[in-house]
Amino acid sequence: MNDISGNKLPKTKAVILVGGPGTRLQPLTDSIPKSLVPVLNRPFMEHTFAYLKHYGVKDIALTLNYLPDTIKDHFGDGRRFGVNLSYYIEEEPLGTAGAVKNAGEFLDNTFVVLNGDVFTDIDLADMLTFHRRNNAAATISLKWVDDTSAFGVVETDDTGRVRRFIEKPPASEATTNWINAGIYILEPDVLEMVPSNTHYMFERGLFPGLLDAGKRVFGYEFRGYWMDTGTLEYYFSLNNDLLLSKTGSPLLGKLDAATVYYESDDVDIDPSSVIIPPAIIGRGCRIGSGAVITGPAVIGPDSSLEEGASVTNAVIWDKVRIGSKARLSRCIISSGVDIAPDGDIAGCAVTPSKTKSIFIHS
Ligand code: GTP
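Engineer: I'd love a proper account of the pairing of strand S4 (residues 59–64), names of residues and values included.
Structural biologist: Buried residues dominate S4, accounting for 5 of its 6 residues. With 4 bridges connecting them, strand S1 (residues 13–17) and S4 associate as parallel partners. By the bridge assignment for S4, Val15 is matched with Ala61. Sheet topology places S4 next to strand S5 (residues 84–89); 6 bridges connect them, and they run parallel. Across the sheet, Ala61 pairs through a bridge with Ser86, a residue of S5. Remark: the S4/helix H2 (residues 68–75)/S5 crossover connection has right-handed handedness.

Engineer: Kindly report on the pattern of salt bridges, identifying the contributing residues and their values.
Structural biologist: Pairs can form between side chains of opposite charge whenever their charged atoms are close. Considering all chains together, one arrives at 14 salt bridges under this definition. Across the pair Asp228 and Arg24 runs a salt bridge, and its minimum N-O distance is 3.9 Å. You can see Asp228 sitting in strand S13 (residues 226–228) and its partner Arg24 sitting in the loop between S1 and strand S2 (38–39), a full 204 residues away along the chain. Look at Arg24 and you get partly exposed, because its relative accessible area is 45%. One salt bridge connects Arg79 with Asp77, and the closest N-O pair in it is separated by 2.7 Å. Classification of Arg79 by relative accessible area gives exposed; the value is 67%. Residue classification places Asp77 among the partly exposed residues on the basis of a relative accessible area of 42%. Look at the salt bridges and you will find they share partners, linking Arg286, Glu306, Arg321 and Asp338 into a network.

Engineer: Explain the sheet that holds strand S24 (residues 338–339) residue by residue, including any values.
Structural biologist: With respect to topology, 5 strands assemble into an open sheet ordered S15-S18-S20-S22-S24, the strand pairing being parallel. A single partner strand is all that each edge strand has here, and the edge strands are strand S15 (268–269) and S24. Bridge count for strand S22 (residues 321–322) against S24 is 2 bridges, and the pairing is parallel. Across the sheet, residue Arg321 finds its bridge partner in S24, namely Asp338.

Engineer: Which residues make up the domain arrangement of the chain, and what values go with them?
Structural biologist: Here the chain is described as being made up of domain 1 (5–228) and domain 2 (256–357). Distance between the C-alpha centres of domain 1 and domain 2: 34 Å. Counting from both sides, the interface comprises 10 residues of domain 1 and, opposite them, 14 residues of domain 2. Carbon and sulfur atoms make up 68% of the area that domain 1 and domain 2 hide from each other, which totals about 920 Å². On the domain 1 side of the contact with domain 2, Pro27, Leu28 and Asn41 bury the most area, a combined 60% of that side's loss. Linking domain 1 to domain 2 there are 1 salt bridge. The salt bridge partner of Lys354 is Asp30, with a shortest N-O separation of 2.8 Å. Taken together, domain 1 and domain 2 are joined by 4 residue pairs in polar contact (both at pLDDT 80 or more). Looking at the side of domain 1 that touches domain 2 residue by residue, the class counts come to 6 nonpolar, 2 polar and 2 charged.

What counts as what
Within each chain, residue numbers correspond to sequence positions counted from 1 in written order. Confidence filtering applies because this is a predicted model: local features only for residues at pLDDT of at least 70, side-chain atom pairs given and counted only at 80 or more, and all residues used for totals across whole chains, interfaces and linings. For side-chain calculations, the full set of non-hydrogen atoms in the structure is used, while hydrogens and water are omitted. Exposure classes here rest on a 1.4 Å probe applied to the protein chains alone. A residue is buried below 20% of its type maximum, exposed above 50%, and partly exposed in between. Runs of E in the DSSP output that reach at least two residues are strands. Runs of H or I that reach at least four are helices, and both are numbered from the N terminus. By definition, two strands form a pair when at least two bridges between them are found by DSSP. Look down the strands so they point away from you; if going from the first strand over the helix to the second traces a clockwise path, that crossover is right-handed. What makes a salt bridge here is a side-chain nitrogen of Lys or Arg within 4 Å of a carboxyl oxygen of Asp or Glu, nothing more. How far each domain reaches was decided by an automatic or database domain assignment. By the convention used here, residues are in contact when the closest approach between their heavy atoms is within 4.5 Å. By definition, the buried area sums, over both parts, the 1.4 Å-probe accessible area that each loses when the two are put together. Here a polar contact is taken to be a pair of N or O atoms separated by no more than 3.5 Å, where protein atoms must pair a possible hydrogen donor with a possible acceptor and residues adjacent in sequence count only if both atoms sit in side chains. Here the term charged refers only to Asp, Glu, Lys and Arg, the term nonpolar to Ala, Val, Leu, Ile, Met, Phe, Trp, Tyr, Cys and Pro, and the term polar to all other amino acids, Gly among them.

Here's what the structure looks like:
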């Protein structure tokens, strides 16, 4: 992790919002929820669990709506991942604040809420200290962005107290570039202002309501790493940033950008193939003669490159077969896809039934 304290918050519980359908990440999320989409070959949510565990936060509620059984089947009671999981399922999506209200029985003390698709190294311990020092009812993490037009902007005064929320202002109308980064510290009694069994959002409902009621709402500014992985482009960027060591995951530590990582000895790499780092090669991979992998690249478990195939800057999931002399660059290939020999794929996300072009941030 980057520059974060090792302070622990052992009595603090967390709620993770993982109920959304992940439409912007389609087609990758057609059959699996965003929380299971692999980042460096590990389901995204495992990185979030490791992040929370780093702070001693192990009691976690997952609020679910889209594909809840897939998530429950994978994570179970959480013991395999060193956390204790409780599940709160919504028959109909309840929105971000409604989902937390639905988990109300789980919450007995100051607690943390995380958007389930944010990857960050924000210092949670420091944020909690800030929350307590300000005797706040709610503290919202704030991240500086150049273009505010896709985000909720949060105006604060000199002490950090929130004055106003503005949803998705065009850059010309934004009065500040600090946006709501989707990590909150809340006191349980703020949930009294959230209606039960009703679709209700933090951004447009609870937070403006708290301001109107004169409650103490603060913004915690941070300048560390933050990525909303909700789009194909940003998902791709996160994998690259981790491989290039621009940030680190507490699950795997900070990677060395000059290294090729093999997840297991159980791989079959032809001596005439070339792998240029940074790269991760999953268990059971087969790299054929003359094949070339140019990082940053992730090759998922049980995937194969046939003779002469080339992969340049790609995120390849598990059980993908890349035919001989096929060329892949700047792409995401999901589980079980078969790329025909001599195929040429660039700038796309590919699933067994769909292909979607993506604009990839450099
Ligand atoms: P898109 O469909 O691409 O907009 O993504 P999303 O709805 O999955 O996520 P979005 O970025 O809009 O929401 C932020 C976070 O809140 C994500 O982690 C979602 O899973 C979660 N979320 C959004 N709406 C709900 C809801 O109604 N219930 C629950 N439990 N979580 C939600």
